[in-house]
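Overview (structure and organization)
Here's the letter readout for the chains.
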Amino acid sequence: MFNNIPPITRNIIIINVIVYLISNFIFKGLYDSLVGYYPFSPLFKSWQVITHMFMHAPLDEPGGIMHILFNMFTLFSFGPILEQTLGDKKYLILYFASGLGSFFLFNLWNFVEIQQIVSGLESLGVNASEIYSRVSLNTAEYLTFHASSQEAQNLADQLYRDLRSPMLGASGAIFGVVAAFATLYPDSKIGIMFIPVPIKVKYLLPIIVVISVYLGVSGNGGGIAHLAHVGGALVGWLLARIWKKHLYRFN
């Protein structure tokens, strides 16, 4: 059955699984290098814009294995028909452009939040560059920093955490795939857990996007990069809208 999956989808799944196995069982230090950090964090490297799409929650975290399993199952469910419809080149563009879009939107929101923290620190007489210089230190070493007030300390701790918080997973790229599927096949029905009847994707996708925006902006996301999902979905929707007009002329 796996051999019958179109080659691009199949190879993306294989690469994700291989990277997951290597990073969890052979070279655990890969996480620090390949996950995506905030672009102005000292921990950020240019290649992370791409490599974060192939990293998933570590196996030793609670529910870690479900991160990659859910993502790969979703890609397996929606990817093949899109790959056959769009062709190899457009499908690759869709996948990686959606991943890049998710990275951009997530970090655009990060930029807004971090600038607010920096402004708050400066108003309290704390130089934010001192926190930036400590980002590469582990938590125990960072804790030697003491601000002049509890309010300043709380902001400094938040900035330290934000600059060290990684973005990882194929979810943004996969949301782009799902959004493209919903755009090209809006009346397709899919079953959702806990909902007894199938729902058309043209109704389901907007609901998911609205919920993701709310969770991302409100900060109630529970450690999930919801705005990354929105960024991927937006790119997937835009590309599918553009290609839909000429789908059968330029395959």
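Please refer to the structure higher up on the page.
Below: a short report on this structure. (Residues numbered from 1 in each chain as written. Predicted model: local features only at pLDDT ≥ 70, side-chain atom pairs only at ≥ 80, totals over all residues. Heavy atoms only, no water.)

All right, on to empty space enclosed by the protein then. Gaps left between atoms are located by rolling a probe of water-molecule size over the structure's atoms. According to the stated counting rule, one finds 1 cavity of 30 Å³ or more in the structure shown. Roughly 30 Å³ of volume is contained in the largest cavity. Looking at the largest cavity, the residues that line it are G36, Y37, Y38, F103, F106, N107, N110, S165 and M167. Across the lining of the largest cavity, the residue classes break down as 5 nonpolar, 4 polar and no charged. (1 Å grid on protein atoms, 1.4 Å probe; cavity = no way out; pocket = protein on both sides within 12 Å on 5 of 7 lines; lining within 4 Å. Points joined across faces, edges and corners; volume = space filled by probe spheres on them. Nonpolar A, V, L, I, M, F, W, Y, C, P; charged D, E, K, R; others polar.)

Let us now look at the nonpolar core. Residues L82, L94 and L159 are the most contacted members of the largest nonpolar core, which totals 64 residues. When residues of this core are assigned to their parent elements, the largest contribution, 10 residues, is made by helix 9 (residues 171-184). In this structure L82 touches G87, Y91, L94, V177, A180, F181 and L184, once residues within four positions along its chain are discounted. (Core = buried A, V, L, I, M, F, W, Y, C linked by side-chain atoms within 4.5 Å. Buried < 20%, exposed > 50% of the residue type's maximum accessible area, 1.4 Å probe, protein only. Helix = DSSP H or I, 4+ residues; strand = E, 2+ residues; numbered from the N terminus. Contact = heavy atoms within 4.5 Å.)

Look at helix 8 (residues 150-164): 21 Å from first C-alpha to last across 15 residues, which is about the 21 Å you get at 1.5 Å a residue. Residues of helix 8 that are buried: A152, Q153, A156, D157, L159, Y160, D162 and L163. Close packing links the buried residues of helix 8 with helix 5 (88-123), helix 6 (128-132) and helix 7 (139-142). (Expected span 1.5 Å × (residues − 1).)

The geometry of helix 5 relative to helix 8 is characterised by a closest axis approach of 10 Å and an angle of 150° between their N-to-C directions. By the angle between their axes, helix 5 is roughly antiparallel relative to helix 8. Helix 8 is crossed by helix 5, and the crossing has left-handed handedness. On the side of helix 5, the interface is formed by I114, I117, V118, G120 and L121, while helix 8 contributes A152, L155, A156, Q158, L159, D162 and L163. Its residues assigned to classes, the contact of helix 5 with helix 8 comprises 9 nonpolar, 2 polar and 1 charged. (Axes fitted to C-alpha atoms, helices over the stretch in contact; angles between N-to-C directions. Parallel < 35°, antiparallel > 145°, perpendicular 65-115°, else oblique. Left-handed = near helix turned anticlockwise from the far one by under 90°.)

One side chain can pair with another of opposite charge once the charged atoms of both are near each other. Taken as a whole and assessed by the stated rule, the structure comprises 2 salt bridges. Of the charged contacts, one joins K200 and D187 as a salt bridge, the two residues approaching to 3.7 Å between their closest N and O atoms. On the criterion of sequence distance, the pair formed by K200 in strand 2 (residues 199-200) and D187 in the loop between helix 9 and strand 1 (189-190) is long-range, its members being 13 residues apart. Of the residues examined, K200 reaches a relative accessible area of 27% and is grouped as partly exposed. The partner of K202 in a salt bridge is D187, and the shortest N-O contact between them spans 2.9 Å. Of the two residues, K202 is situated in helix 10 (residues 201-218) and D187 in the loop between helix 9 and strand 1; the sequence distance between them amounts to 15 residues. When its relative accessible area of 35% is taken as the criterion, K202 is described as partly exposed. Classification of D187 by relative accessible area gives partly exposed; the value is 44%. One connected set of salt bridges, linked through shared partners, spans D187, K200 and K202. (Salt bridge = Lys/Arg side-chain N within 4 Å of Asp/Glu carboxyl O.)

Relative orientation of the contacting elements helix 9 and helix 11 (residues 226-244) amounts to 40°, with a least axis distance of 7 Å. In the crossing of helix 9 with helix 11, the sense of the turn from one axis to the other is right-handed. Across from S171, G172, F175, G176, A179, A180, T183 and L184 in helix 9, the residues of helix 11 making contact are A228, H229, G232, A233, G236, W237, A240, R241 and K244. When grouped by side-chain class, the residues that make up the contact of helix 9 with helix 11 number 8 nonpolar, 7 polar and 2 charged.

Along the chain, the position of T85 falls in helix 4 (residues 64-86). The exposure class of T85 is buried, given its relative accessible area of 11%. Residues T85 and V118, spaced 33 residues apart in sequence, show a C-alpha to C-alpha distance of 47 Å. Only 2.5 Å separates the side chain of T85 from the side chain of Y185, close enough to count as a polar contact. (Polar contact = N/O pair within 3.5 Å; in protein donor to acceptor, adjacent residues only side chain to side chain.)

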